[in-house]
Amino acid sequence: MPERTVVVGARTGLHARPAALFVQAATRLPVKVTVACDGRPPVDARSLLSVLALGAKHGDSVVLSADGEGAEAAVDELAQLVASDLDAKE
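To start, this report covers the structure provided alongside it. Counting restarts for each chain, with residues numbered from 1 along the sequence as it is written. The predicted nature of this model means local features are confined to residues of pLDDT at least 70 and side-chain atom pairs, given and counted, to a pLDDT of 80 or more, with totals for whole chains, interfaces and linings taken over all residues. Heavy atoms from the whole structure form the basis of all side-chain values; hydrogens and water molecules are not counted.

1. Topic: the packing of helix α1 (residues 17–28) against helix α3 (residues 71–83)
Move 1: Helix axes use the C-alpha atoms of the stretch in contact, all axes being lines fitted to C-alpha atoms, and the angles between their N-to-C directions lie in the range 0 to 180 degrees. Secondary structure elements are taken from DSSP: a helix is a run of H or I of four residues or more, a strand is a run of E of two residues or more, and numbering for both begins at the N terminus. Between α1 and α3, the least distance of the axes is 10 Å, while the angle of their chain directions is 170°. Here α1 lies roughly antiparallel to α3, going by the angle between them. Across the interface between the two elements, L21, F22, A25 and A26 from α1 touch E77, L78, L81 and V82 from α3.
Move 2: Throughout, the ten residues Ala, Val, Leu, Ile, Met, Phe, Trp, Tyr, Cys and Pro are labelled nonpolar, Asp, Glu, Lys and Arg are labelled charged, and all others, Gly among them, are labelled polar. Among the residues making up the contact of α1 with α3, the classes are represented as seven nonpolar, no polar and one charged. Under this scheme an angle from 65 to 115 degrees is roughly perpendicular, one under 35 degrees roughly parallel, and one over 145 degrees roughly antiparallel; angles in between are oblique. Whether two residues are in contact is decided by their heavy atoms: any pair within 4.5 Å suffices.

2. Re the side chain of S65
Move 1: With respect to the helices, strands and loops of the structure, S65 is situated in strand β4 (residues 61–66).
Move 2: Within polar-contact distance, the side chain of S65 engages the side chain of T34 at 2.8 Å.
Move 3: Excluding residues within four positions of it along the chain, S65 makes contact with M1, P2, E3, K32, V33, T34 and V75. The term polar contact refers here to a pair of N or O atoms within 3.5 Å; inside protein, the definition further demands a hydrogen-donor-capable atom paired with an acceptor-capable atom, and it admits residues adjacent in sequence only when both atoms are side-chain atoms.

3. Remarks on the environment of A73
Move 1: Within the secondary structure, A73 sits in helix α3.
Move 2: A sequence separation of 33 residues divides A73 from R40, and the C-alpha atoms of the two residues are 24 Å apart.

4. With respect to α1
Move 1: Helix span is expected to be 1.5 Å times the residue number reduced by one. The terminal C-alpha atoms of α1, which comprises 12 residues, lie 17 Å apart, in line with the 16 Å expected from a rise of 1.5 Å per residue.
Move 2: For α1, the secondary structure elements touched by its buried residues are β2 (33–37), α2 (48–54), β4 and α3.

5. Some words on the nonpolar core
Move 1: With 30 residues, the main nonpolar core has F22, V33, V35, V62, L64 and L78 as its most contacted residues.
Move 2: Counting only elements with at least two residues in this core, the list comes to α1, β2, α2, β4 and α3.
Move 3: Per-element accounting of this core gives the leading share, seven residues, to α3.
Move 4: Here F22 is in contact with L14, V35, A45, V51, L64, L78, L81 and V82, once residues within four sequence places are set aside. By convention a nonpolar core is built from buried Ala, Val, Leu, Ile, Met, Phe, Trp, Tyr and Cys residues, the set being connected through side-chain atoms within 4.5 Å. Accessible area is worked out with a 1.4 Å probe on protein chains only. A residue is then buried under 20% of its type maximum, exposed over 50%, and partly exposed in between.

6. Description of a nonpolar patch on the surface
Move 1: A patch is a set of surface residues, each over 30% in relative accessible area and not in a salt bridge, joined within 9 Å for like charges and within 5 Å for the nonpolar side chains Val, Leu, Ile, Met, Phe, Trp and Tyr. All accessible-area figures derive from a Shrake-Rupley calculation using a 1.4 Å probe, and residue coverage is judged against the displayed protein chains alone. For this analysis, a salt bridge means a side-chain nitrogen from Lys or Arg found within 4 Å of a carboxyl oxygen belonging to Asp or Glu. A cluster of nonpolar side chains, L48, L49 and L52, forms an exposed patch at the surface whose accessible area comes to about 270 Å².
Move 2: Position of L48 among the secondary structure elements: in helix α2.

7. Section: the sheet that holds β4
Move 1: Within the open sheet, the four strands sit side by side as β1-β4-β2-β3. Their pairing is antiparallel. The open sheet terminates on both sides in strands that have one partner only, identified here as β1 (3–7) and β3 (43–44).
Move 2: At least two bridges found by DSSP between two strands are what make those strands a pair. As paired strands, β2 and β4 are joined by five bridges and run antiparallel to one another. Paired with A36 across the strands is V63, a residue of β4.

Now the structure itself:
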């Protein structure tokens, strides 16, 4: 099961717009991806409410993991998204 720890790059953390973009990307993936923060249990990356409830702030580390065919590519794609400053995109 591929797993990656990533530092949140968005200035507002995984909140509002960045969280919505993250969830939209996770929904398009062919495998289920989970995300965890601060040692709490992982949540479904396709659930906006669950991702918001993590409370991941700028600079926090989150753990992404997936299982199944295409899991490595899915984790890579979402890791790149989480690490970028999603607030800066127009």
